[in-house]
Amino acid sequence: MMLWWILPLAFVASFVLTAGLRSYALRRSLIDVPNARSSHTVPTPRGGGVAIVAVVTIVLPVLSVAGLASISLMCAVIGAGLLVAAVGFADDHRHIAARWRLLGHFLASGWALFWLGGLPGLTVFGSTLDLGWLGHLLALLFLVWMLNLYNFMDGIDGIASAEAIGTCLGALLCYVIAMPESGPNALGQVEWLLVAAVAGFGCWNFPRARIFMGDAGSGFLGITVAILTLNAAWVAPQLLWSWLILLGAFIVDATFTLLHRLLRGEAAYQAHRSHAYQSAARRVAGHVPVTVAVALITLGWLLPWAVGVAASLVDGGLALVVAYTPLVGLCVWLRAGAAE
């Protein structure tokens, strides 16, 4: 059972650390200044996501010692997460070439995959499909893509925090449904920790951002969520689909936008503000309605499909296609990836 006293401490620690990081960023002039490709209009300190990194890294070993998180999961999250956060922190302070960032991302993802044991067998229409080394390669690409797309999607106030909290809470419900007898104990402790740490930071980032998460925090969140996805799939295979469905708002927007931009001949790492959520924020002239809308889509539309998969009421692949289809429609309507 979760050490519940840890959660308020994690929340408070993240809140206080974020305040300290804001002061540090102001002293060191680590400020995001609005430009033509920004979604914000006020110069804002960055790097607050380091608070999330610190809290999770410090508390996770406590959970492991208490038998609430496996050693392999702890090693995967801390090892990969710290490497990604270090690359992001360095990039926040001084620009690092994309090729070196990507190399760090692949090394971190390979480390995580080693401790997780690769990709488990996929459940497709009631059958288990073992992809072997191809599956491990797909898992590696999934980890790298998730940490990068989380960085891409962290562009308006509160959206990255809302996605992490909503997805983790949805996953916790799926655990209980998929494993009614052991769900709360077999999985979920790291998810609760992540929710508490992100919420502490989120108080400074929403509804008005007084500090941004920065590449260190967004990359850490992205790879941690991806690790939790693969870890859950080893316990109950259908949970892989549940996680992918819950992450749909970010996965669809980031993937659709990237593919559209590549088709138009733009470089993948060229700065832009053509994501669907950014287009929506411009249309409504505000960040809060869009962040709230993403949270509602996750909990109101995607969660029921994820729960249905967890309960084995619907095939995971089929549910994913159905759940993603209207999100693709939203991307088309909002002209995601199109030139402004």
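Small disclaimer: the values here were computed from a predicted structure and weren't measured. (Residues numbered from 1 in each chain as written. Predicted model: local features only at pLDDT ≥ 70, side-chain atom pairs only at ≥ 80, totals over all residues. Heavy atoms only, no water.)

A few points about the overall build of the chain
Next, step 1: Scanning the chain from N- to C-terminus turns up 14 helices and four strands.
Next, step 2: Rg of the C-alpha trace for the chain: 19 Å, near the compact-globule value of 20 Å for 340 residues, within the 12% margin.
Next, step 3: In terms of principal-axis extent, the alpha carbons of the chain reach across some 50 × 45 × 35 Å.
Next, step 4: A burial count over the chain gives 54% of its 340 residues as buried.
Next, step 5: Considering only intrachain contacts with a sequence separation of at least 6, the fraction spanning at least 24 residues in the chain is 76%.
Next, step 6: For the chain, the distance from the average position of its 16 positive side-chain charges to the average position of its 14 negative side-chain charges is 14 Å. (Helix = DSSP H or I, 4+ residues; strand = E, 2+ residues; numbered from the N terminus. Rg over C-alpha atoms; globule rule 2.2 N^0.38 Å. Buried < 20%, exposed > 50% of the residue type's maximum accessible area, 1.4 Å probe, protein only. Contact = heavy atoms within 4.5 Å. Lys, Arg positive; Asp, Glu negative; His and termini not counted. Charge placed at Lys NZ, Arg CZ, Asp CG, Glu CD.)

Things to note about the side chain of Ser242
Next, step 1: Along the chain, Ser242 turns up in helix α10 (residues 238–246).
Next, step 2: Among the residues examined, Ser242 registers a relative accessible area of 1% and is labelled buried.
Next, step 3: Excluding residues that lie within four positions of it along the chain, Ser242 makes contacts with Cys174, Ala306, Val309 and Ala310.

Examining the nonpolar core
As a rule of thumb, nonpolar side chains are buried together in soluble globular proteins.
Next, step 1: In terms of nonpolar packing, the biggest core is built from 106 residues, with Ile52, Ile227 and Leu239 touching the most fellow members.
Next, step 2: For this core, the element with the most residues is helix α9 (residues 214–235), which contributes eleven residues.
Next, step 3: Setting aside anything within four residues of it in sequence, one finds Ile227 in contact with Leu73, Ala76, Val77, Ala80, Ala112, Leu116 and Leu143. (Core = buried A, V, L, I, M, F, W, Y, C linked by side-chain atoms within 4.5 Å.)

What about the pattern of salt bridges?
Oppositely charged side chains are able to pair whenever their charged atoms sit close together.
Next, step 1: Counted under the stated rule, the structure contains four salt bridges.
Next, step 2: Residue Asp91 is joined to Arg101 by a salt bridge in which the shortest nitrogen-to-oxygen separation is 3.6 Å. With a gap of ten residues between them, Asp91 in helix α3 (residues 71–93) and Arg101 in helix α4 (residues 98–116) connect regions that are remote in the sequence.
Next, step 3: Close ionic contact of Arg261 with Glu266 constitutes a salt bridge, the shortest N to O distance being 2.9 Å.
Next, step 4: Under the relative-accessibility criterion, Arg261 is labelled buried at 2%. (Salt bridge = Lys/Arg side-chain N within 4 Å of Asp/Glu carboxyl O.)

A word on helix α5 (residues 132–153)
Next, step 1: Here α5 is 22 residues long and its end C-alpha atoms lie 31 Å apart, about the 32 Å a rise of 1.5 Å per residue gives.
Next, step 2: Buried within α5 are the following residues: Gly135, Ala139, Leu140, Phe142, Leu143, Val144, Met146, Leu147, Asn148, Leu149, Tyr150 and Met153. (Expected span 1.5 Å × (residues − 1).)

Section: the packing of aromatic side chains
Next, step 1: Tallied over the entire structure, the rule returns six aromatic pairs.
Next, step 2: Ring geometry for Phe15 and Trp204: centres 5.3 Å apart, planes at 40°, overall tilted. Residue Phe15 is located in helix α1 (residues 6–27), and its partner Trp204 is located in the loop between α8 (189–202) and α9; the two are separated by 189 residues in the primary sequence.
Next, step 3: For Phe15, a relative accessible area of 32% corresponds to the partly exposed category.
Next, step 4: According to the relative accessible area criterion, Trp204 is buried, its value standing at 13%.
Next, step 5: One aromatic cluster in this structure is built from Trp111, Phe114 and Trp115. (Phe/Tyr/Trp six-rings, centres within 6.5 Å; stacked < 30°, edge-to-face > 60°.)

Comments concerning a nonpolar patch on the surface
Next, step 1: On the surface, a cluster of nonpolar side chains totalling about 580 Å² of accessible area is made up of Leu102, Phe106, Leu134, Leu137, Leu138, Leu141 and Tyr269.
Next, step 2: At the level of elements, α4 and α5 are the ones that each hand at least two residues to the nonpolar patch.
Next, step 3: With respect to the element layout, Phe106 can be found in helix α4. (Patch = residues over 30% accessible without salt bridge, like charges linked within 9 Å, V, L, I, M, F, W, Y side chains within 5 Å. Areas by Shrake-Rupley, 256 points an atom, 1.4 Å probe, with all protein chains shown as cover.)

Remarks on helix α14 (residues 316–333)
Next, step 1: End to end, α14 covers 26 Å across 18 residues, agreeing with the expected 26 Å (1.5 Å per residue, within 8%).
Next, step 2: A maximum bend of about 30° is found in α14 at Thr325, where proline Pro326 lies one to four positions downstream.
Next, step 3: Gly316, Gly317, Ala319, Leu320, Ala323, Tyr324, Leu327 and Cys331 are the residues of α14 that are buried.
Next, step 4: On its buried face, α14 sits against α10, α11 (248–263), α12 (276–284) and α13 (288–310). (Bend = angle between axes of the 7 residues up to and from the residue.)

Some thoughts on the packing of α11 against α14
Next, step 1: Taken N-terminus to C-terminus, the directions of α11 and α14 make an angle of 45°; their axes are 10 Å apart at the nearest point. One way to sum up the angle between α11 and α14 is to call them oblique. As for the relative orientation of α11 and α14, their crossing is right-handed in sense. Judged by residue contacts, Gly248, Ala249, Ile251, Val252, Asp253 and Phe256 of α11 engage Tyr324, Leu327, Val328, Cys331 and Val332 from α14.
Next, step 2: Looking at the contact of α11 with α14 residue by residue, the class counts come to nine nonpolar, one polar and one charged. (Axes fitted to C-alpha atoms, helices over the stretch in contact; angles between N-to-C directions. Parallel < 35°, antiparallel > 145°, perpendicular 65-115°, else oblique. Left-handed = near helix turned anticlockwise from the far one by under 90°. Nonpolar A, V, L, I, M, F, W, Y, C, P; charged D, E, K, R; others polar.)

Comments concerning unusual backbone geometry
Next, step 1: The omega torsion across Phe206 and Pro207 is 5°, close enough to zero to call that bond cis.
Next, step 2: One non-glycine residue, Ser312, lies in positive phi territory at about 60°.
Next, step 3: Along the chain, the position of Ser312 falls in the loop between α13 and α14.
Next, step 4: In the Ramachandran plot, Arg335 falls in the positive-phi region, its phi being about 60° despite a non-glycine side chain.
Next, step 5: Topologically, Arg335 is positioned in the segment after α14.

Examining the environment of Leu246
Next, step 1: Tracing the backbone through its elements, the reader meets Leu246 in helix α10.
Next, step 2: Judged by its relative accessible area of 0%, Leu246 is buried.
Next, step 3: For Leu246 and Ala281, which are 35 residues apart along the polypeptide, the C-alpha to C-alpha distance reads 22 Å.
Next, step 4: Non-local contacts of Leu246, meaning those with residues more than four positions away in its chain, are made with Glu163, Thr167, Gly170, Ala171, Cys174, Thr298, Leu302, Leu303 and Ala306.

Any link to function would need more than the numbers given here.
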